[in-house]
Amino acid sequence: MKTRPDVLIFTELVPVHSCTSDRRSAIQYDCIKMTKRYILIKYFLSRCSSQDSLDEQAMVDYFKEVEIIQRSGDAETQEEVQLKVADEGEQEEAWLMEAGLATLFDESASDGEDSIALLSTLTRTQAAAVERRVETLKQTLRKRNKPYSVPDVREIFKPASQSKVRAHIRPRISAVSSCVNEDMQVWGGADAETDINLEVSFSEQALTYKEGLKVTQPQNEADDRLPDFRVSQDKTGQTRVGDLSAEDMKKVRRLVLIEMSALFDTCGIEVKAHKALKVRVRESGLFGVSLSTLLEQDQRRIPGTKVPLILQHLMSHIEEQGLDTEGVLRIPGAATRVKAVCHELEHKFYEGVFPWQSLKQHDAASLLKLFIRELPYPLLTVEYFSAFISVLKLPTKKQQLQALNLLVLLLPEPNRDTLKALLEFFQRVTDHKDRNKMTLNNVAVVMAPNIFMCKGFRSKISEQQEFAMATGTANIVRLLVRYQNLLWTIPKFVLNQVRKHNMENQRKMHRDRAVKKLLKKMAYDRERASDKQEKNTEAEGGFIRVQAPQFSKVSMAVQLTEDLKASDVLTHFLSQERSPSVKREDLCLYEMGGNIKERCLDEETYITALLELNPSAEWVIKSVQH
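Heads up: these notes are all about the structure in this document. If you're wondering where the values come from, they're calculated on a predicted model, not measured in any experiment.

1. Here's the deal with the overall build of the chain
For step 1, the next point in the chain: Counting its secondary structure elements, the chain contains 25 helices and eleven strands.
For step 2, the next point in the chain: In the chain, which comprises 626 residues, the proportion classed as buried is 49%.
For step 3, the next point in the chain: Taking the contacts inside the chain whose residues are at least 6 apart along the sequence as the reference set, 76% of them involve residues at least 24 apart.
For step 4, the next point in the chain: Working note: accessible area of the chain is about 30800 Å², and carbon and sulfur atoms make up 50% of it.

Given below as structure tokens:
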């Protein structure tokens, strides 16, 4: 007789022989519970027709991991984070503040001029997202009979003849629409479904798709066969997280928040933001400690640490033991032994006396998963937890990937860096799938409960919701691992909006100077005009000036050609006499000034193309930390 999967799950977890009578009663109760769950799995699968739904074995593996988590939870005493859905109006107010648009509901806010500069860069769908939240906030305050200073939406986005803000937006609407339509026509080719367009706003692309220019959605094939999405080559280079200055990244984050909301709005998906009520969390240690606290501890020991040291050591140890081990992340370590090792790590890790050589590989994998789910606040953050879960409601794989790209950019830096390290590790595990039997689907099914079953959320969902979440969360993890190389890219349309934002701020700064110090400015302008003429003369003369003050290099002339790339500039720099003894991979050519604060250039960047985008840029070579 064939063993039923529910019994198989349980017998793997608990040795039934040599149990006391009380223990056997508990086992019988759990068997009944798990049999019920297996019946529900069969029922759920019979009702679910989605091509992304998990098969029966994947569902069994998922809930086996859930059972392991629940059993290990008996010893967990960490206080649950209390999640609360923002009240009506409160969510819109918080959203406007986070987007840097507080001045739209609070006249005393100090960022009025900066808000106007930001609004002037928005696309039609982004502007609509702002309008919607301002109007909702206004209606909420009216219902409460509270005095408010929220301007009429028509005053924010009124016709160009009456509003400077709308004057900047309206001309771009038709241009954006035309650009999107042209791109959609290009997408009609054989590779349409695998091309990721980073030059046109994702929400604008979604609007065009919604309006009828739809293309055939590829069927999701079995196991790990997801579409091979790719980003088309851009001569001005790709921009990754970490390539921009902190000042420009702040603008990126505001624009990405607006764009993400516009994307969900365009697709008719409402995302309710949660907020975490304050709870008591451990202020030191390894497990159950916030990422920010962990990194503060680690940076005192190793400056510049971006990923918690304990997590780095656990991943390294698992790899050193060999990633060919079958079920390396799926098979749990012994619960009592894992608990003892966890306690020992807390006391010996920072002292450097923990006996890593005696740590079994499956125990290390269990500790890694324990670390993730014991974080007092979820790795994907309370604020964006619902948005991550809602990603699969978007109609196409491409839009789901675009939404994940935006959400990754919204994560706080410690969460984003930790997530990146984990996804890279999961990819290395799947690279050995022929031996360890851990395919992309297997890794996603095992890790999804650990990432998404955060405390506070775990106890607030029904069993039926849990089954629906099994498929959804596993597929989200699958997308995160599969497309991680794309998710840390800053879309070009966002970067272009940052450039426009900077130009608006510069115009304002120059206007203020003109009023205060007219004569001095005239002299300054003459000097700048002379400098600019000299710079333009250099460019027109066929070369650019590259500086390397970090290496005592005042300037270096580089011949400007149509094919000149950032990589060629670095090669020329290292080929000179008395060049510094530094590795090529530790150098980067930066675009500085003009309409960007600072940007580390992709080596495939064409300098001539970038000069057209930012003619006032200066070029500086600096060393970078990897």
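2. Comments concerning helix α12 (residues 309-320)
For step 1, the next point in the chain: Its twelve residues place the ends of α12 16 Å apart at the C-alpha level, agreeing with the 16 Å of an ideal helix rising 1.5 Å per residue.
For step 2, the next point in the chain: Each element contacted by the buried residues of α12 is listed here: α11 (291-301), α13 (335-348), α14 (361-373) and α17 (413-430).

3. What to know about the nonpolar core
What tends to happen in soluble globular proteins is that the nonpolar side chains get buried as a cluster.
For step 1, the next point in the chain: Of all hydrophobic cores here, the largest spans 121 residues; its most connected members are L329, L345, L367 and L368.
For step 2, the next point in the chain: Beyond its immediate sequence surroundings of up to four residues, L329 is in contact with A365, K369, F425, F426, V429, M438, V443, V446 and M447.
For step 3, the next point in the chain: Ranked by size, the runner-up nonpolar core spans 20 residues in total, among them I607, L610, L611 and A617.

4. Structural notes on the sheet that holds strand β8 (residues 553-559)
For step 1, the next point in the chain: Taken together, the five strands give an open sheet; going across it, the order is β8-β7-β11-β9-β10, and neighbouring strands pair in mixed fashion. Across the chains shown, the open sheet's two edge strands, defined by having one partner strand only, are β8 and β10 (596-600). When strand polarity is set aside, the average angle formed by the axes of neighbouring strands in this sheet is 30°.
For step 2, the next point in the chain: Relative to β8, strand β7 (residues 543-548) is paired through five bridges, and the arrangement is antiparallel. Its bridge partner lying in β8, F543 is registered against Q559.

5. Here's the deal with the state of the cysteines
For step 1, the next point in the chain: Enumeration according to the criterion identifies one disulfide in this entry.
For step 2, the next point in the chain: Across a sulfur-sulfur distance of 2.0 Å, C588 and C600 are joined as a disulfide pair. Measuring handedness by torsion sign, the sulfur bridge of C588 and C600 sits at about 120° and is right-handed. Highlighted residues: C588 in strand β9 (residues 587-593) and C600 in strand β10, separated in sequence by twelve residues.

6. Regarding the packing of aromatic side chains
For step 1, the next point in the chain: Enumeration according to the criterion identifies nine aromatic pairs in this entry.
For step 2, the next point in the chain: When the centroid spacing of 5.2 Å and the interplanar angle of 65° are considered together, the rings of F349 and Y350 count as edge-to-face.
For step 3, the next point in the chain: Summarising the aromatic geometry, the rings of F425 and F426 are spaced 6.0 Å apart at their centres and angled 55° between planes, so their arrangement reads as tilted.
For step 4, the next point in the chain: Site record: aromatic cluster; members linked through ring pairs are F349, Y350, F354 and W356.
For step 5, the next point in the chain: Directly above the aromatic system of Y606 lies the positively charged group of K235, at a separation of 5.0 Å from the ring centroid.

7. Description of the pattern of salt bridges
For step 1, the next point in the chain: In total, this model carries 24 salt bridges according to the counting rule given.
For step 2, the next point in the chain: Between K492 and D234 there is a salt bridge, with its nearest N and O atoms 3.3 Å apart. One end of the pair, K492, is in helix α22 (residues 492-516); the other, D234, is in the loop between β3 (230-231) and β4 (239-240), and 258 residues separate them in sequence.
For step 3, the next point in the chain: A relative accessible area of 16% places K492 in the buried class.
For step 4, the next point in the chain: Residue E344 is joined to K348 by a salt bridge in which the shortest nitrogen-to-oxygen separation is 3.0 Å. Within this pair, E344 and its partner K348 are both found in helix α13, separated by four residues, close to a single helical turn.
For step 5, the next point in the chain: Salt bridges sharing partners connect three or more residues here, namely E247, D248, K251 and K597.

8. Some thoughts on the packing of helix α9 (residues 202-210) against helix α10 (residues 246-266)
For step 1, the next point in the chain: Orientation of α9 relative to α10, taken along the N-to-C sense of each, is 10°, at an axis distance of 8 Å. For the element pair α9 / α10, the angle class is roughly parallel. Between α9, through F202, S203, A206, L207 and K210, and α10, the contact on the second element is made entirely by E259, A262, L263 and T266.
For step 2, the next point in the chain: Residue composition of the contact of α9 with α10, grouped by class: five nonpolar, two polar and two charged.

9. Some thoughts on unusual backbone geometry
Leave glycine aside and you will find that most residues have negative phi; peptide bonds, for their part, are mostly trans.
For step 1, the next point in the chain: A positive phi is found at T381, a non-glycine position, where the angle reads about 70°.
For step 2, the next point in the chain: With respect to the helices and strands, T381 occurs in the loop between α14 and α15 (382-390).
For step 3, the next point in the chain: The phi torsion at K437 lies on the positive side, around 60°, for a residue other than glycine.
For step 4, the next point in the chain: Overall, K437 belongs to the partly exposed group, its relative accessible area being 43%.

Definitions and limits used
- Residues numbered from 1 in each chain as written.
- Predicted model: local features only at pLDDT ≥ 70, side-chain atom pairs only at ≥ 80, totals over all residues.
- Heavy atoms only, no water.
- Helix = DSSP H or I, 4+ residues; strand = E, 2+ residues; numbered from the N terminus.
- Buried < 20%, exposed > 50% of the residue type's maximum accessible area, 1.4 Å probe, protein only.
- Contact = heavy atoms within 4.5 Å.
- Areas by Shrake-Rupley, 256 points an atom, 1.4 Å probe, with all protein chains shown as cover.
- Expected span 1.5 Å × (residues − 1).
- Core = buried A, V, L, I, M, F, W, Y, C linked by side-chain atoms within 4.5 Å.
- Pairing = 2+ DSSP bridges.
- Axes fitted to C-alpha atoms, helices over the stretch in contact; angles between N-to-C directions.
- Disulfide = S-S within 2.5 Å.
- Phe/Tyr/Trp six-rings, centres within 6.5 Å; stacked < 30°, edge-to-face > 60°.
- Lys NZ or Arg CZ within 6 Å of the ring centre and 35° of its normal.
- Salt bridge = Lys/Arg side-chain N within 4 Å of Asp/Glu carboxyl O.
- Parallel < 35°, antiparallel > 145°, perpendicular 65-115°, else oblique.
- Nonpolar A, V, L, I, M, F, W, Y, C, P; charged D, E, K, R; others polar.

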